[in-house]
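Notes for the structure review
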Amino acid sequence: MPKPVVLIAEELSPATIDALGPDFDVRNVDGTDRPALLSALADANAVLIRSATKIDAEAIAAAPVLKVVARAGVGLDNVDIKTATTAGVMVVNAPTSNIISAAELTVGHILSLARRIPAAHASLSGGAWKRSSYTGTELFEKTVGIIGLGRIGALITARLQAFDVRVIAYDPYVTSARAQQLGVQLVTLDELLAQSDFVTIHMPKTPETTGMIGAEQFKIMKPTAYVVNVARGGLIDEEALHAALTAGEIAGAGLDVFTSEPPAEGGTAAALLGLPNVVVTPHLGASTEEAQEKAGVSVAKSVRLALGGELVPDAVNVAGGVIDPYVRPGIPLVEKLGQIFSALARSPLTSLDVEVHGELQAYDVSVLKLAALKGVFTNIVSETVSYVNAPLLAEQRGVEVRLLVDDDSPEYRNVITLRGALSDGSQLAISGTLTGPKQVEKLVGINDYAIELPIETNHVVMLYTDRPGIVAIYGQKFGEAGINIAGMQIARQTAGGQALSVLTVDSPVPDALLDEVSTAIQADLFRQIEITES
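Residues numbered from 1 in each chain as written. Predicted model: local features only at pLDDT ≥ 70, side-chain atom pairs only at ≥ 80, totals over all residues. Heavy atoms only, no water.

Our focus in this paragraph is the sheet that holds strand E22 (residues 525-530). Taken in spatial order, the four strands of this open sheet run E20-E21-E19-E22, and their pairing is antiparallel. Only two strands of the sheet have a single neighbouring strand rather than two, namely strand E20 (485-492) and E22. For this sheet, the mean inter-axis angle between neighbouring strands, taken without regard to orientation, is 15 degrees. Bridging between strand E19 (residues 458-465) and E22 involves six bridges; their strand directions are antiparallel. Counterpart to Val 460 in the pairing with E22 is Gln 528. Sitting on the sheet, helix H14 (residues 330-344) is in contact with E19 and E22, with an inclination near 145 degrees to E22. Sitting on the sheet, helix H17 (residues 470-480) is in contact with E19, E20, strand E21 (498-505) and E22, with an inclination near 160 degrees to E20. (Pairing = 2+ DSSP bridges. Helix = DSSP H or I, 4+ residues; strand = E, 2+ residues; numbered from the N terminus. Axes fitted to C-alpha atoms, helices over the stretch in contact; angles between N-to-C directions. Contact = heavy atoms within 4.5 Å.)

The next subject is the packing of helix H5 (residues 99-115) against helix H7 (residues 151-160). Two elements in contact, H5 and H7, have axes separated by 9 Å at closest approach and are oriented at 50 degrees. Regarding the angle of H5 to H7, the classification is oblique. By crossing handedness, the relation of H5 to H7 is classed as right-handed. Contact with H5, carried on its side by Ile 99, Ile 100, Ala 102, Ala 103, Glu 104, Thr 106, Val 107 and Ile 110, involves Arg 151, Ile 152, Leu 155, Ile 156, Arg 159 and Leu 160 of H7 and no other residues of that element. The residue inventory of the contact of H5 with H7, partitioned by class, reads 10 nonpolar, one polar and three charged. (Parallel < 35°, antiparallel > 145°, perpendicular 65-115°, else oblique. Left-handed = near helix turned anticlockwise from the far one by under 90°. Nonpolar A, V, L, I, M, F, W, Y, C, P; charged D, E, K, R; others polar.)

Before going further, it helps to spend a moment on the packing of aromatic side chains. Scanning the model with the defined rule gives three aromatic pairs in all. Between Tyr 326 and Tyr 363, the aromatic rings sit 5.0 Å apart at their centres with planes inclined by 35 degrees, giving tilted as the arrangement. Of this pair, Tyr 326 sits in the loop between helix H13 (289-307) and H14 while Tyr 363 sits in the loop between strand E13 (349-358) and helix H15 (366-378), placing them 37 residues apart in sequence. According to the relative accessible area criterion, Tyr 363 is partly exposed, its value standing at 33%. Taken together, a centroid distance of 6.4 Å and an interplanar angle of 45 degrees make the contact between Tyr 474 and Phe 478 tilted. (Phe/Tyr/Trp six-rings, centres within 6.5 Å; stacked < 30°, edge-to-face > 60°. Buried < 20%, exposed > 50% of the residue type's maximum accessible area, 1.4 Å probe, protein only.)

Next up on the list: the sheet that holds strand E4 (residues 68-71). Remark on secondary structure: sheet strands pair via backbone hydrogen bonds, oriented parallel or antiparallel. Here we have five strands laid out as an open sheet, ordered E2-E1-E3-E4-E5, and parallel in their pairing. Two strands close off the open sheet at either side, each with one partner strand: strand E2 (25-28) and strand E5 (90-92). Across this sheet, the average inter-strand angle for adjacent strands is 20 degrees, counted without regard to direction. Two strands pair when backbone bridges link them, and strand E1 (residues 5-8) and E2 are joined in this way by four bridges, in the parallel orientation. Paired with Val 5 across the two strands is Asp 25, which belongs to E2.

Attention now moves to unusual backbone geometry. Omega for the peptide link from Glu 261 to Pro 262 comes to -5 degrees, which places this bond in the cis form. Its place among the elements puts Pro 262 in the loop between strand E11 (252-255) and helix H12 (268-273). The backbone phi angle of Arg 116 is positive, close to 55 degrees, even though this residue is not glycine. One can find Arg 116 in the loop between H5 and helix H6 (117-125). A relative accessible area of 34% places Arg 116 in the partly exposed class. Positive phi, close to 50 degrees, is recorded for Gln 439, a residue that is not glycine. Within the element layout of this structure, Gln 439 appears in the loop between strand E16 (427-435) and strand E17 (440-446). Residue Gln 439 is classed as partly exposed on the basis of its relative accessible area of 36%.

What follows is about H13. An α-helical turn contains 3.6 residues, so any two residues separated by three or four positions project in the same direction. Relative to the 27 Å expected for 19 residues at 1.5 Å per residue, H13 spans 27 Å between its end C-alpha atoms, a close match to the ideal helical length. On its buried side, H13 packs onto E1, helix H1 (14-20), strand E3 (46-49), E4, E5 and H5. (Expected span 1.5 Å × (residues − 1).)

Here we take up the pairing of E21. For E21, the buried fraction is high: seven of the eight residues fall into the buried class. In the sheet, E19 pairs with E21 via seven bridges, with the strands oriented antiparallel. Bridging from a neighbouring strand, Thr 465 pairs with Gln 498 of E21. Sheet topology places E20 next to E21; seven bridges connect them, and they run antiparallel. Within the sheet, the bridge partner assigned to Gly 487 lies in E21 and is Thr 504.

Glancing now at the environment of Leu 514. Mapped onto the elements of the fold, Leu 514 is located in helix H18 (residues 511-521). With relative accessibility at 10%, the residue Leu 514 sits in the buried group. Sequence separation of Leu 514 and Val 460 is 54 residues, and the distance between their C-alpha atoms is 9.0 Å. In contact with Leu 514, not counting residues within four places along its chain, are Val 509, Phe 526 and Gln 528.

A surface patch of negative charge is lined by Glu 104, Glu 289, Glu 290 and Glu 293. No other element matches H13, which puts three residues into the negative patch. With respect to the helices and strands, Glu 104 occurs in helix H5. For Glu 104, a relative accessible area of 46% translates into the label partly exposed. (Patch = residues over 30% accessible without salt bridge, like charges linked within 9 Å, V, L, I, M, F, W, Y side chains within 5 Å. Areas by Shrake-Rupley, 256 points an atom, 1.4 Å probe, with all protein chains shown as cover. Salt bridge = Lys/Arg side-chain N within 4 Å of Asp/Glu carboxyl O. Lys, Arg positive; Asp, Glu negative; His and termini not counted. Charge placed at Lys NZ, Arg CZ, Asp CG, Glu CD.)

Structure (structure tokens):
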């Protein structure tokens, strides 16, 4: 088998290549050379990028076997996530790789503004000695307002406390208990702007947050206050900032990011660079050796997981998170239960409950809902199904999905059941479990019929009226056709009622033979199941 192709479109650390390991065909291309990029994507299974390579709809269309786009960094402005999701392509980044570097740079900007370090350096380097011209201010007992008290905001808080500052924060998604734990007082945005001597913003860039600090907000701030942005360009309205700085509404600004990078000549961002009360850096938030190495190694590990068919905690377009080792073996089991469900369904699925019973109820099992959807759609849609687009496929088909969890499992430590309503008004339930030290995947229930059979590649499921001689009929016909029956379970609820037979066969059964046997035993249901491995 050829090795999966991993395309590296920008310069990454040597540790990134080491983290990928020997299992991939690693190729390099200049991601800014558009024709070369599109050509190289033709047989790429994964592409690793930083900020210069644009993976848009055109690039994704040029990559028919692409499974994962890995951004060695945090921002994903250069990746069309919506198109990638529709195409079943996982998008991963390294969300924690630069948080320490970004926090330290923020503190650096605050100190640079407070003590006017860059301007004093430039003056002295130019031959002047003007001590009185660069009088600054202490941080001691000042108020620092943090907009966005996430991971970076929390790190900044911890570092600033050594300066004996008062830290206040605005974040509608942080609880007061969490803020108290960090030693931070939660306030409204207007209160933060009015009270702060230094304001630093750490929000994701969304339609709601773009331009969230504008002319109205600057009018609330103290004339002695400073604003810092090392998060994303555009969170601060650059025209409003320029006006506030030149009018003296605020004292200064520290900027590492801009709406257009590099700032376009003649634009507002370029005008900000020339103001004496502005400290600027060229998007250095993640530009430390440590952050670059952590980002590369992180996404390399994610690529290995993604190409191995596993869920990736840092995937931005896949629900879920870190998967507990106790939950992980259930993922392939549930995928296979989903395939069995689809093979036995008589009509389209309208709703699906993923029921998790037993000890697993104590764990985060949200990943099993994704696995169920991936299994259900794997063999019934034309496009490639992944953990990324499976929920989208369900949404497009109007399938309602629920995850139900409890500890009621009297016969097994854990049982997982996929219970669905079909468009013809019927219901279908498929149950499975893992048994023994080897965690053998077993099918343990179809509707109300209890069985216990290891899940293999090929199965035949029959439902018929229970009567003597049925096993002999299909045994003889399969034997004459050279189809070996490797295992069998028969279940019934009452003698003379309906019986369910589930066979494990060593090879697929031809359609003509399936029809012949089904007719011979007068089956109410007769289906072949072929399990597709991820």
